[in-house]
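Geometric and topological summary
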Amino acid sequence: MNKLIKIELQKHKIGLFSFLLMYITDIILSLLEPVIFGKILDIILENAGMVSTDLINKIVLLGLILLLSFVLTFLYRRIIFSTGRKVKQGVLFSLLQRLESANIKFFETIDKGTFVSYIINDINENQNRKILTLENPVEYKHHSKKSLIVQKEVGLGKDILSFSDGVKNSLREDCDILVIGEIRDKITMEAGIEMAESGHLVIGTLHTKSCAETIDRMINFYEVRDQAQIKYMLSAILKLVVSQRLLPGIDGKLVLVPEVMVVDNIVSGIIRKEKISVSEIEDAIQSASDKGSIGLINSLAKLFVEDKITLEQAKAQIEEKNIEILNRTIMQLKLKNDNKNNMINNI
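Our subject in this report is the structure included herewith. Just so it is clear, the structure is predicted and the values come from calculations on it, not from any experiment.

**A closer look at the overall build of the protein chain**
Regarding its fold elements, the protein chain presents 13 helices and 6 strands. Counting over 347 residues, the protein chain shows a buried share of 42%. The long-range share in the protein chain, meaning contacts at least 24 apart out of those at least 6 apart in sequence, stands at 58%. In the form shown here, the protein chain has an accessible surface area of approximately 20300 Å², with 56% of it arising from carbon and sulfur atoms.

Quick look at the structure:
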């Protein structure tokens, strides 16, 4: 965080000492603003009907102090907000880089709770952040390493009564990352969006079976009249959606089928549309593999080529119109593997 603040200060051509002075002055002036407003009002009331140079000078001086307060507040908050956004983007970019380099090695037979715990542990081991988790129940106990982790259990007689209460209170916790164990209602969703808009990274889970259904569920928390507004908000703050399906493998063990959607400009545009098209979202995911997205069809094809699931299982997970795409993807993967094996044999 300190490095990011320094970068922002350089960008705005402000030194660290000037920033601290601005911060302290901002606090003092914020406390004095009501006093100054009151003083201006008193001067006007005391001198009602009388205009003098001294009166004008006093009002102008107090007005300039107020203007300075507003300018300092604007600059300070702009720097902090920019830093918060970069923290959020930095966490996600770093995480995606490791997922890609590890070939998503943790996508094995894990549920969503274990997956989120893996992400928390990854951030804990690699980045200096404050992480607040809201869980019901607490499945994994994390110990602070590079990050400071605060875990709260949700429920009657526990740390907090409900997820919505925990998310609302988290605004006072001064955390960098908020993990919501489950988003069950509109109140929790609204509080999570408010946290994300303020520059925090928010990680939450929903009971859905695809990335497109996740978007649809988030929007449908709201009344029809409010959905256009929430679509624009989601398109601006949503960064990543991961969907997981567990299938029985050929060897009798459960196999996880991942779908990952990195929200780029194309996906944001689809979310903002009056009617969200599932096929458009799926196409956008398929075409954004270079950005870290993983399509459901690609995952199914990969698992079939690796002899982890049967072709019938793979076809059962998609619509009939996409079966041809699945067959074509399987052929491409087989050809790619054959070419790789031939290159190894020729060496």
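**Some thoughts on the packing of helix α8 (residues 224-237) against helix α9 (residues 265-272)**
Contact geometry of α8 with α9 gives a least axis separation of 8 Å together with a crossing angle of 170°. Between α8 and α9, the angle is such that the two are roughly antiparallel. Packed against α8, whose contacting residues are K231, Y232, L234 and S235, the element α9 presents S268, I271 and R272 at the interface. Class assignment for the residues of the contact of α8 with α9 results in 3 nonpolar, 2 polar and 2 charged.

**Section: unusual backbone geometry**
If a residue is not glycine, its phi is most likely negative; likewise, a peptide bond is most likely trans. The linkage connecting N136 with the following residue, P137, adopts the cis geometry, with an omega of -5°. Locating P137 in the fold gives a position in the loop between β1 (130-135) and β2 (148-153). Look at D174: it is not a glycine, yet its phi comes out positive at around 60°. Tracing the backbone through its elements, the reader meets D174 in the loop between α5 (163-170) and β3 (177-180). Positive phi values are uncommon outside glycine, yet D307 reaches one of about 60°. As for its placement among the helices and strands, D307 is situated in the loop between α11 (296-305) and α12 (311-316). Its relative accessible area of 58% is what places D307 among the exposed residues.

**Some remarks on the nonpolar core**
Counting residues in hydrophobic clusters, the biggest one holds 37 residues, and the most contacted among them are L134, L178, I215 and M261. Secondary structure elements with two or more residues in this core: β1, α5, β3, α6 (186-197), α7 (211-220), α8, α9 and α10 (278-287). Those residues in contact with L178 that sit more than four places away from it in its chain are L132, L134, V167, S170, M195, L201, V202 and I203. Residues L296, L300, L326 and I330 belong to the second largest nonpolar core, which totals 14 residues.

**What about the environment of N124?**
Its place among the elements puts N124 in helix α4 (residues 112-126). A relative accessible area of 1% places N124 in the buried class. Sequence-wise, N124 and S147 are 23 residues apart; in three dimensions their C-alpha atoms are separated by 4.8 Å. Discounting chain neighbours no more than four positions away, the residues touching N124 are H143, S144, K145, K146, S147 and I149. Polar side-chain contacts of N124 include one of 2.8 Å to the backbone oxygen of H143.

**Points about the sheet that holds β2**
Pairing is parallel across the open sheet formed by 4 strands, whose spatial order is β2-β1-β3-β4. The sheet is open, and its two borders are formed by β2 and β4 (201-204), each paired with just one other strand. Ignoring strand direction, the axes of neighbouring strands in this sheet form an average angle of 15°. Bridge count for β1 against β3 is 4 bridges, and the pairing is parallel. Residue pairing across strands places I131 opposite I177, the latter belonging to β3.

Rules used in this analysis
Residues numbered from 1 in each chain as written. Predicted model: local features only at pLDDT ≥ 70, side-chain atom pairs only at ≥ 80, totals over all residues. Heavy atoms only, no water. Helix = DSSP H or I, 4+ residues; strand = E, 2+ residues; numbered from the N terminus. Buried < 20%, exposed > 50% of the residue type's maximum accessible area, 1.4 Å probe, protein only. Contact = heavy atoms within 4.5 Å. Areas by Shrake-Rupley, 256 points an atom, 1.4 Å probe, with all protein chains shown as cover. Axes fitted to C-alpha atoms, helices over the stretch in contact; angles between N-to-C directions. Parallel < 35°, antiparallel > 145°, perpendicular 65-115°, else oblique. Nonpolar A, V, L, I, M, F, W, Y, C, P; charged D, E, K, R; others polar. Core = buried A, V, L, I, M, F, W, Y, C linked by side-chain atoms within 4.5 Å. Polar contact = N/O pair within 3.5 Å; in protein donor to acceptor, adjacent residues only side chain to side chain. Pairing = 2+ DSSP bridges.

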